[in-house]
Amino acid sequence: RKPATKPRTRTRTRTRRRDATNFSRDAPTRVKFTRPTTKSITFAATQPTSIAATSKHAKGILKNATCDNAKRKQRQGPGRKTRRRKRHAKSAKPRRRTRRTWAWSSEEGTFTVPSTLARAPTWWELSVDELKGLILVNLNWYQYFNICRYDQVHKILTDEHKNLSIVNNTTILKLVARTGNFIPTPSANQIVFNVRRSLNIFCIRVYKCITKSVYWNLITQGAEEARSAGLVRWRPRVFHHSDAVLKKQRDFFFSEANNTWRNNRGRFPALRSTLAIFESETLKKAEAISKSLHGCKWQNLSVPERLAIRELRSDPHVRLCKADKGMGPGIVSNSIEKQQLYLTLHDSAGTYKELVGATVESVLRSTHEDFQRIAAPFRKIKGFQSLFRTFDKYHKCCLEEPKLCPLKLLYKIHKPGTSVRPIIDNTNYYTSQMSTFLHYQLGQKVFQNPFVLKDSLTLIRQLKEVQVSAGHNLRFATFDVTALYPSIDLERGLKSLKWFLETFCFEFEPAVTELILVLARFVLTHCYISCPEVSANPFLQLIGTAMGTSFAVVYANIHLIFVETNIIYSFPDCFRFYSRFIDDGICLWHASDEDFTVFSQAFNDVDPSIKYIWSLLSSRAIFLDLSIEISARSIEHEVYSKPGNAYAFLQHGSFHVRKSYPAWIKALLSTALTHSSDHSRWSKQCQLLFTKLRERGFSATFLLTEFSKISWGNRSKALAPKIKAEIPFDNRCVWSCKNAPGLQELFRTCELNLSEIDSKIFPTRLSTVIKGSKRLSAYLKK
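So, a few notes on the structure that sits alongside this text.

What counts, and at which threshold
Residues numbered from 1 in each chain as written. Predicted model: local features only at pLDDT ≥ 70, side-chain atom pairs only at ≥ 80, totals over all residues. Heavy atoms only, no water. Patch = residues over 30% accessible without salt bridge, like charges linked within 9 Å, V, L, I, M, F, W, Y side chains within 5 Å. Areas by Shrake-Rupley, 256 points an atom, 1.4 Å probe, with all protein chains shown as cover. Salt bridge = Lys/Arg side-chain N within 4 Å of Asp/Glu carboxyl O. Lys, Arg positive; Asp, Glu negative; His and termini not counted. Charge placed at Lys NZ, Arg CZ, Asp CG, Glu CD. Helix = DSSP H or I, 4+ residues; strand = E, 2+ residues; numbered from the N terminus. Buried < 20%, exposed > 50% of the residue type's maximum accessible area, 1.4 Å probe, protein only. Pairing = 2+ DSSP bridges. Phe/Tyr/Trp six-rings, centres within 6.5 Å; stacked < 30°, edge-to-face > 60°. Lys NZ or Arg CZ within 6 Å of the ring centre and 35° of its normal. Core = buried A, V, L, I, M, F, W, Y, C linked by side-chain atoms within 4.5 Å. Contact = heavy atoms within 4.5 Å. Axes fitted to C-alpha atoms, helices over the stretch in contact; angles between N-to-C directions. Parallel < 35°, antiparallel > 145°, perpendicular 65-115°, else oblique. Left-handed = near helix turned anticlockwise from the far one by under 90°. Nonpolar A, V, L, I, M, F, W, Y, C, P; charged D, E, K, R; others polar. Expected span 1.5 Å × (residues − 1).

This brings us to a positive patch on the surface. Positive charge collects at one region of the surface, where Arg 313, Lys 738, Lys 771 and Lys 774 lie side by side. One can find Lys 738 in strand β20 (residues 734-738).

Set out below in structure tokens:
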């Protein structure tokens, strides 16, 4: 059958036929709704002696009753169809209409509908002949063509788990295919919790603005001393506190126990009362919005999918996993997950060591003692005081909320067998702040190296400058470094770091060079890992560096620069360019094959723990997300996707900020624009993206609107180096809150002008930021 079309916006009224029951028309009686039983629909009357309610009045009560919409339609019977479904179901077999009879009970004072008439037969209770012509899916053309049709989920299961009902359940697979970045619609009362937490953070930021103004001279003096000492300006990380700690910090900052506030509260007499009034009014508005949203907010997960979340979390056999290289979500057996975790922590190379009998508190206490010992000589140096003051604040928070680095696995679906990539996240860990400091000090020098790529766009600019002449002997060769991060020996890696500081960072002061070497050793030797699935004891990493820390990328690049520099300068006339992105590299070779053999084998002779795997010389190459080919007169390239790519784009129904969808679609189109060397390849990639986005549920109208904003004429602008944009708002006092239904309306109605208290410190207008809400991966986390 032809599906129903999109309903019209115009509404019409129609007169409904009265019921056959004859009621007296005396003085009207108020009738109130009572909870119906499974056998009848009951309405209790406040005046059982005089009944003067008409049939139309009784039906109006049934319509306005606060009961479930689906149950109400079921009570109304199969004879009540909307005008739209009537118009498109003329050829369907008409159903039998049964007129309801409302019975009055004088003893109970209730209207009762017989239970035989309260439920319509469902489609699975009908015969084949009765099913002919019925509409089983109530979708219009717009909904039908914008439904998500591409739900690929990778399954990494044992033989006993392949036949489980949960891994073959269509609803669960549809839920997992939404990816972990999908954000379900928060509940109606979530806005109250989010606003209460965000106001604590906002008040802490207001206090930090005050302390910044009070100690402005000391802050500027410390920054000037650090700059004169040779330290690069850096941005410290923010510790993510729990709600209880945030409330405790806020109460302390504005209390008499705080010396800064006690000595300067006379400058801001109305600040506490202003913040208290703003908080109370904002919470009242949030609660009013929450109450108004009950029963009327839109859910982007169906009821079966919400039940599937509970089922997947409580299932003891499988869990959600993530594939490497962005190849989509997957389901893995718990036994396979534990086995891979055990093999990672107990590998043959001895990368990790289990600390039997140690606890989280004892490990962090010993780490703090080691840091105090190595930091003592540097605290007296002029220019380092503000740096170590920042470290001490972060370490104090780490000791108050102890936590080790968790171990996560990414499954390499694109490779045969079961292989994983370990990721160690150091968020809120003791060495996180020092790792960030080292990244800022060395990152700029590393990416200025001519053989290091910052991204694939840098390689495209290099390919654009290559001139291909007739009779050329140009060929590509790519390489990959096997297990780079956990393979770097500690002493050889620190030796490479010292060589890099002496060769490329000669403008650094000796004290800064010594500080970087000491902090790098401390960060590399104090990586403690927590993995309760394998053991309750913590683990210590002995070899290499942890993938997931900010210093790991810079450290690995520095070691490979030490390995390859002398070799590259030994073959200056054999290649057009040599570029490397962390552990993947490409070389445009134009010398003989014998020279290439010597060149490629020389990389494996510098460090025995680092192994380079080179490809054969060819006119075609696949590097990062580029497919490159040498033609007769130029080098052509286009976007490359691995064969197992799931194209698991974020679905349109996710509760992200609406502005984020055009932004990341523009980023996809810009990538296709810069990675395509001619218009035909660009058109082909646009068509592929349009098809995949349509399969993920995006409407054609929305996609055509966004696709029309990017054209082939924008390619030269996209290839040009980007200039960092300025912050579009005043960042002195920013109110940031996690997204929830009704948050934008709350932001529009809330106003706060702190410039009336002090115009030099506070802005005249409050800046608001909407942050991402809780993602599906957090709901499915066990």
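Counting buried positions along strand β15 (residues 584-589) gives 6 out of 6 residues, so the element sits mostly inside the fold. Taking every second residue as pointing to the same face, both faces of β15 are buried, with Asp 584, Ile 586 and Leu 588 on one and Gly 585, Cys 587 and Trp 589 on the other. Relative to β15, strand β11 (residues 475-481) runs antiparallel, the two sharing 6 bridges. Within β15, the position partnered with Thr 478 by the bridge is Ile 586. Across 6 bridges, strand β14 (residues 575-581) lies against β15 in antiparallel orientation. Bridge pairing in β15 places Tyr 578 opposite Cys 587. Hairpin connection of β14 to β15: 2 residues between the antiparallel strands, including Ile 582 at a positive phi of 55°.

Attention now goes to the packing of aromatic side chains. Tallying each qualifying case throughout the model produces 46 aromatic pairs. Both rings, one in Phe 599 and one in Phe 603, keep their centres 5.1 Å apart while their planes meet at 85°; by these two values the pair is edge-to-face. Pair check on accessibility: Phe 599 and Phe 603 agree, each one buried. Through pairs of rings, three or more aromatic residues link up here, namely Phe 451, Phe 479, Tyr 569, Phe 571, Phe 575, Tyr 578, Trp 589, Phe 596, Phe 599, Phe 603, Tyr 612 and Trp 614. The residue whose ring lies beneath Arg 178 is Phe 182, and the NZ or CZ to ring-centre distance is 4.8 Å.

In this section: the pattern of salt bridges. Counting across every chain of the model gives 21 salt bridges. Among the ionic pairs, Arg 475 bridges to Asp 593, the shortest N-O distance being 2.7 Å. Taken together, the residues span a long stretch of sequence, with Arg 475 in strand β11 and Asp 593 in helix α21 (residues 593-602) at a distance of 118 residues. For Arg 475, a relative accessible area of 17% puts it in the buried group.

This part takes up the nonpolar core. In terms of nonpolar packing, the biggest core is built from 97 residues, with Tyr 578, Phe 599 and Trp 614 touching the most fellow members. A per-element tally of this core places helix α20 (residues 550-570) first, with 11 residues. Residues within four places of Phe 599 in sequence aside, it is in contact with Ile 567, Phe 571, Phe 575, Tyr 578, Trp 589 and Trp 614. Phe 202, Leu 283, Ala 740 and Phe 762 belong to the second largest nonpolar core, which has 38 residues in total.

Nonpolar side chains collect at one region of the surface, where Tyr 215, Trp 216, Leu 218 and Ile 219 lie side by side and expose about 410 Å² of accessible area between them. Among the secondary structure elements, Trp 216 is positioned in helix α8 (residues 216-229).

Moving on, we get to the packing of helix α7 (residues 190-214) against helix α11 (residues 271-293). Axis separation between α7 and α11 bottoms out at 10 Å; the angle between their running directions is 160°. Here α11 runs roughly antiparallel to α7, going by the angle between their axes. Helix-helix and strand crossings are classified by hand; for α7 and α11 the assignment is right-handed. Side by side, α7 and α11 meet where Ile 191, Val 192, Val 195, Arg 196, Leu 199, Phe 202, Cys 203, Val 206 and Ile 210 of the first sit next to Leu 271, Leu 275, Phe 278, Glu 279, Thr 282, Leu 283, Ala 286, Glu 287, Ile 289 and Ser 290 of the second. Per-class residue counts for the contact of α7 with α11 are 14 nonpolar, 2 polar and 3 charged.

Glancing now at helix α15 (residues 385-400). Here α15 is 16 residues long and its end C-alpha atoms lie 23 Å apart, about the 22 Å a rise of 1.5 Å per residue gives. Buried residues of α15: Leu 387, Phe 388, Phe 391, Tyr 394, His 395, Cys 397 and Cys 398, and no others.

A separate point is the pairing of strand β21 (residues 767-771). Consecutive residues of a regular strand have side chains that alternate between opposite faces of the sheet. Of the pairings in the sheet, the one linking β20 to β21 comprises 5 bridges and is parallel in character. Note that in β21 the partner of Ser 736 across the bridge is Val 769.

All right, on to the packing of helix α14 (residues 360-379) against α15 then. Between α14 and α15, the shortest axis-to-axis distance is 12 Å and the interhelical angle comes to 170°. As far as their axial angle goes, α15 and α14 are roughly antiparallel. Each of Leu 364, His 368, Phe 371, Gln 372, Ala 375, Phe 378 and Arg 379 in α14 lies in contact with α15, whose residues at this interface are Gln 385, Phe 388, Phe 391, Asp 392, His 395, Cys 398 and Leu 399.

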